[in-house]
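# Overview (structure and organization)
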Amino acid sequence: MSIPETAYELAAVVREQGVRAVDATRQCLDRIVALDGELHCFLHVCGEYAIARATEIDRAVDAGHDPGRLTGVPIAIKDNICTTSSPTTCGSKMLAGFVSGYDAHVVECLEREGAIVLGKTNLDEFSMGSSAENSAFGPTCNPWDTSRVPGGSSGGSAAAVAARMVYAALGSDTGGSIRQPAAYCGVVGVKPSYGRVSRRGLVSYGSSLDQVGPITRNVRDAALFLQVIAGNDDRDATCDRRAVPDYINNLTCEVSSLRIGVCQELLGDGLDSQVREAVRHATSQFVDAGATMVSVTLPHAKYATACYYLIATAEASSNLARFTGVHYGNRSANSETIEELHENARGELLGNEVKRRILLGTYALSSGYYDQYYRKAAKVRTLITQDFEKAFENADVVITPVAPTTAFPIGDKVNDPLAMYLSDVYTISANLAGVCAASIPCGFDTSGLPIGLQLTAPAYCEQSLLAIAQTYESHTDHHLQTPPLIGTS
Ligand code: GLN
């Protein structure tokens, strides 16, 4: 029996003894060996651990047990999510070699359901970036065109899924870090509503914005992974207690009563014409299937980038204060005093983008500037949230691009932080408002690069978000395309 292409199907056949978890795991590990020299999706591969886990799972199946909903499914974890099976570096020299004493809640959930962790994926240092180029350990390449970025910050996760090295990967999304790389790599990415998924064991960047979510090959698999990781965790006080609906068995929606919100002001200047065309085409596909298109307006979206880069940097400056080389982080040699110890560790071991953000955030919070910057940004955040609430009175979902362009060349924006920040313009608002959003493949540009469609739904409406995404996916085949470099194997 050949090994299925999706997590949902793989788990089912491994449970029925049709395919061995060990074989599925070996196939993925072989692909990593074949391609990761070129792509650099992984910072750590824990092959022995994975094979041992897979063997254990096969044994459990043979003994008549059911290891769970992800039985034998090989996955990867972004390297800012704590695992005991391999180091957690956050793409930073500050944490090089650090092994967490505990697994993140989401990792526990996945392993409890029989998933097999193959390793940790590359990212922009501490998740700060949109291209994976800010990793201290070198960039990841986009599997569709290795001269281009995979997006960021969860670039390694998205590229690994696109290159079929794993069936799914976890990412984290503070301002678009799941959705934008998913779009650039032609896979599905879901940012859950704030509080839907536990952040315990996720290394904090912007704590009021961060969420963990799945990156997968199709919508059903995204629903499956979200089902497993969502829900209350008493060890994260910001986790919401409401019950998790059954996403998997409710993936259909009544298209004739579906209201698709289109926001004209987000389809104007600065948007690549091929991306605009792909989003327009996707909208017309919904309408052809029977949905109604409604116009919505998000008047404060134009302030989202400025607002985000104040709030996220302010939170980052506080969160990253713990990395002093004393309690957390590596030490630099040759320090005589405690001040020097702190200064040298931070000076030598943090990258330029991380330092820039700590400085921006510290400035925005400093006395005298707090009211002018941080408080103002917090007020704008409320206005952005209210814009969405109004939009969702008339629309079930809002359709936008994920990013203004397709994947850009490696090196193109790395010395222009503002240009890099502007590539987050469509994704940031969902984090500020705490709503849920997904990126799904909606076509390719003339260079063969994938284009992503963003669907945004009200907070805690993941069920309808996924059902709408699945409805679109069922009318298209973009998600079935694979990068030329993986061949037909
Ligand atoms: N690209 C955005 C940033 O650089 C978002 C990152 C993220 O979501 N972690 O902050």
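Report on the accompanying structure. Keep in mind it's a predicted model, so treat the numbers as computed, not measured. Residue numbering note: each chain is counted from 1, following its sequence as written. Per-residue local features are limited, in this predicted model, to residues with pLDDT of at least 70; the limit for side-chain atom pairs, both in listing and counting, is 80 or more; totals at the level of whole chains, interfaces and linings are taken over all residues. Calculated side-chain values reflect all of the structure's heavy atoms, with hydrogen atoms and water omitted.

Next up on the list: the site of the ligand. Neighbouring residues of the ligand: 15 residues in total, closest T174, G175, S177, Y308 and R357. In the analysis that follows, any N or O atom pair within 3.5 Å is treated as a polar contact, provided that within protein one partner can donate a hydrogen and the other can accept it, and provided that, for residues neighboring in sequence, both atoms belong to side chains. One nitrogen or oxygen atom from the side chain of S130 is found 2.8 Å from a nitrogen atom belonging to the ligand. Within the side chain of Y308, one N or O atom sits 2.6 Å away from an oxygen atom of the ligand. Against a free-state accessible area of 290 Å², the protein chains account for coverage of 100% of the ligand. Here a cavity is any set of points on a 1 Å grid over the protein atoms alone where a 1.4 Å probe fits but cannot get out, and a pocket is any open set with protein on both sides within 12 Å along at least 5 of 7 lines; a residue lines the site when it has an atom within 4 Å of a point. Put plainly, a molecule is in a cavity or pocket when over half of its atoms are within 2 Å of the grid points there. Comparing atom positions with the cavity grids shows the ligand to sit within the second largest cavity. Classification used: nonpolar for Ala, Val, Leu, Ile, Met, Phe, Trp, Tyr, Cys and Pro, charged for Asp, Glu, Lys and Arg, polar for all others including Gly. In terms of residue class, the shell around the ligand is made up of four nonpolar, eight polar and three charged. Consider each residue's heavy atoms; a residue with any of them within 4 Å of a molecule or strand counts as near. Residue exposure ignores everything except the shown protein chains as possible cover, and the areas themselves are Shrake-Rupley values with a 1.4 Å probe.

Before going further, it helps to spend a moment on empty space enclosed by the protein. Empty space among the atoms becomes visible once a probe the size of a water molecule is rolled across them. Grid points are joined across faces, edges and corners, and a volume is the space filled by probe spheres set on the points. A full pass over the atoms with the stated rule returns four cavities of 30 Å³ or more. In this model, the largest cavity occupies a volume close to 130 Å³. L266, L298, F388, Y426 and S429 are, among the 16 residues lining the largest cavity, the residues nearest its centre. Sorting the residues of the lining of the largest cavity by element identifies α12 (370-394), β9 (397-401), α14 (428-433) and β11 (450-457) as the ones contributing at least two each. The helix and strand labels rest on DSSP assignments: H or I over at least four residues marks a helix, E over at least two residues marks a strand, and numbering proceeds from the N terminus.

Salt bridges are defined as contacts in which a side-chain nitrogen from Lys or Arg sits within 4 Å of a carboxyl oxygen from Asp or Glu. A full pass over the atoms with the stated rule returns 19 salt bridges. Close ionic contact of E353 with R356 constitutes a salt bridge, the shortest N to O distance being 2.3 Å. Residue E353 and its partner R356 are located together in helix α11 (residues 352-365), separated by three residues, close to a single helical turn. What makes E353 buried here is its relative accessible area of 10%. Relative accessibility thresholds used throughout: buried, under 20% of the residue-type maximum; exposed, over 50%; partly exposed, between the two (1.4 Å probe, protein chains only).

The next thing to look at is the side chain of D387. Relative to the elements of secondary structure, D387 occurs in helix α12. Buried charged residue D387 carries no salt bridge. Nearest counter-charge: K390, at 5.7 Å. Among the polar contacts listed, one links the side chain of D387 to the backbone nitrogen of H300, at a separation of 2.8 Å. Only heavy atoms enter the contact rule, under which two residues are in contact if any of them lie within 4.5 Å. Those residues in contact with D387, other than ones at most four positions away along the chain, are T297, L298, P299, H300 and A301. Charge convention: Lys and Arg are scored as positive, Asp and Glu as negative, and His as well as the terminal groups of each chain are ignored.

Time to look at the packing of aromatic side chains. Between 30 and 60 degrees the pair is tilted, below 30 it is stacked and above 60 it is edge-to-face, where a pair is any two Phe, Tyr or Trp rings, Trp via its six-membered ring, whose centres lie within 6.5 Å. Under the criterion given, the structure shown has twelve aromatic pairs. Between the aromatic rings of F388 and F392, the centroid separation amounts to 5.8 Å while the plane-to-plane angle is 15°, which identifies the pairing as stacked. In this pair, F388 and F392 both sit in helix α12, four residues apart, roughly one turn of the helix. Among the aromatic residues, those joined into a cluster by ring pairs are F126, F323 and Y328. Over the face of the ring belonging to Y167 we find R217, whose NZ or CZ atom lies 4.2 Å from the ring centre. The ring of Y8 carries the charged tip of R220 above its face, separated from the ring centre by 4.9 Å. Two limits define a charge over a ring: the Lys NZ or Arg CZ must be within 6 Å of the ring centre, and within 35 degrees of the ring normal.

Its boundaries defined by the atoms lining it, the largest pocket holds a volume of some 360 Å³. In terms of lining, the largest pocket is formed by 19 residues, of which the most central are L266, D269, G270, V425 and Y426. Tallied by class, the residues present in the lining of the largest pocket amount to ten nonpolar, five polar and four charged. In this structure, the second largest pocket encloses a volume near 310 Å³. Among the residues forming the lining of the second largest pocket, the class breakdown is eight nonpolar, five polar and two charged.

Glancing now at the state of the cysteines. By convention in this document, the label disulfide applies to cysteine sulfur atom pairs within 2.5 Å. Scanning the entire structure with this criterion turns up zero disulfides. Between C41, a cysteine without a disulfide, and C185, which holds the nearest cysteine sulfur, the sulfur-to-sulfur distance is 7.9 Å. Between C307, a cysteine without a disulfide, and C263, which holds the nearest cysteine sulfur, the sulfur-to-sulfur distance is 17 Å.

What follows concerns a negative patch on the surface. A cluster of acidic side chains, namely E336, E339, E340 and E343, defines a negative patch on the protein surface. Relative to the helices and strands, E339 is located in helix α10 (residues 338-349). Patch membership is restricted to residues that have no salt bridge and whose relative accessible area is over 30%. Joining uses 9 Å for like charges and 5 Å for the nonpolar side chains Val, Leu, Ile, Met, Phe, Trp and Tyr. A charge is said to be at NZ when it belongs to Lys, at CZ for Arg, at CG for Asp and at CD for Glu.

Now for the sheet that holds strand β2 (residues 74-78). In this description, strands pair whenever DSSP reports at least two bridges between them. Pairing is mixed in the open sheet, where eleven strands are placed in the order β1-β3-β2-β4-β6-β5-β10-β11-β9-β7-β8. The outermost strands of the open sheet, each flanked by one partner alone, are β1 (42-45) and β8 (292-295). Neighbour-to-neighbour, the strand axes of this sheet turn through a mean angle of 30°, independent of strand direction. Pairing geometry for strand β4 (residues 168-173) and strand β6 (residues 211-216), over six bridges, is antiparallel. In the sheet register, A168 faces β6, and the bridge partner there is T216. Here, axes are lines fitted to C-alpha atoms. For helices the fit covers the stretch in contact, and angles between N-to-C directions go from 0 to 180 degrees.

Let's shift gears to the pairing of β8. Examined bridge by bridge, strand β7 (residues 259-262) and β8 share four bridges and lie parallel to one another. What sits directly across from V262, in β8, is S295. Whether a crossover is right-handed depends on one test, that the path from the first strand over the helix to the second runs clockwise when the strands point away from the viewer. Taken together, β7, helix α8 (residues 273-288) and β8 form a β-α-β motif whose crossover is right-handed.

In this fold, N122 is placed in the loop between β3 (116-121) and α5 (155-162). Within the structure, the side chain of N122 is placed 2.8 Å from the backbone oxygen of G138, a separation counted as a polar contact.

Because the α-helix completes a turn every 3.6 residues, residues three or four places apart line up on one side. Multiplying one less than the number of residues by 1.5 Å gives the expected span of a helix. Here α12 contains 25 residues, and its C-alpha end-to-end distance of 36 Å stays within 8% of the 36 Å for a straight helix at 1.5 Å per residue. Considering bend angle alone, the principal kink of α12 is centred on K376 and spans about 25°. The complete set of buried residues in α12 reads Y374, A377, V380, R381, I384, D387, F388, A391 and F392. In this structure, the buried residues of α12 make contact with β7, α9 (304-319), α11, β9, α14 and β11. We define the bend at any residue as the angle between the axes fitted to the seven residues before and including it, ending there, and the seven starting there.

The N-to-C vectors of α9 and α11 enclose an angle of 100°; their axes lie 7 Å apart at closest approach. Comparing the axis directions of α9 and α11 gives the class roughly perpendicular. Here Y309, L310, T313, A314 and S317 of α9 lie close against α11, whose contacting residues are R357, I358, L360, G361, T362, A364 and L365. Considered class by class, the residues forming the contact of α9 with α11 number seven nonpolar, four polar and one charged. Our angle categories are set so that under 35 degrees counts as roughly parallel, over 145 as roughly antiparallel, 65 to 115 as roughly perpendicular, and the remainder as oblique.

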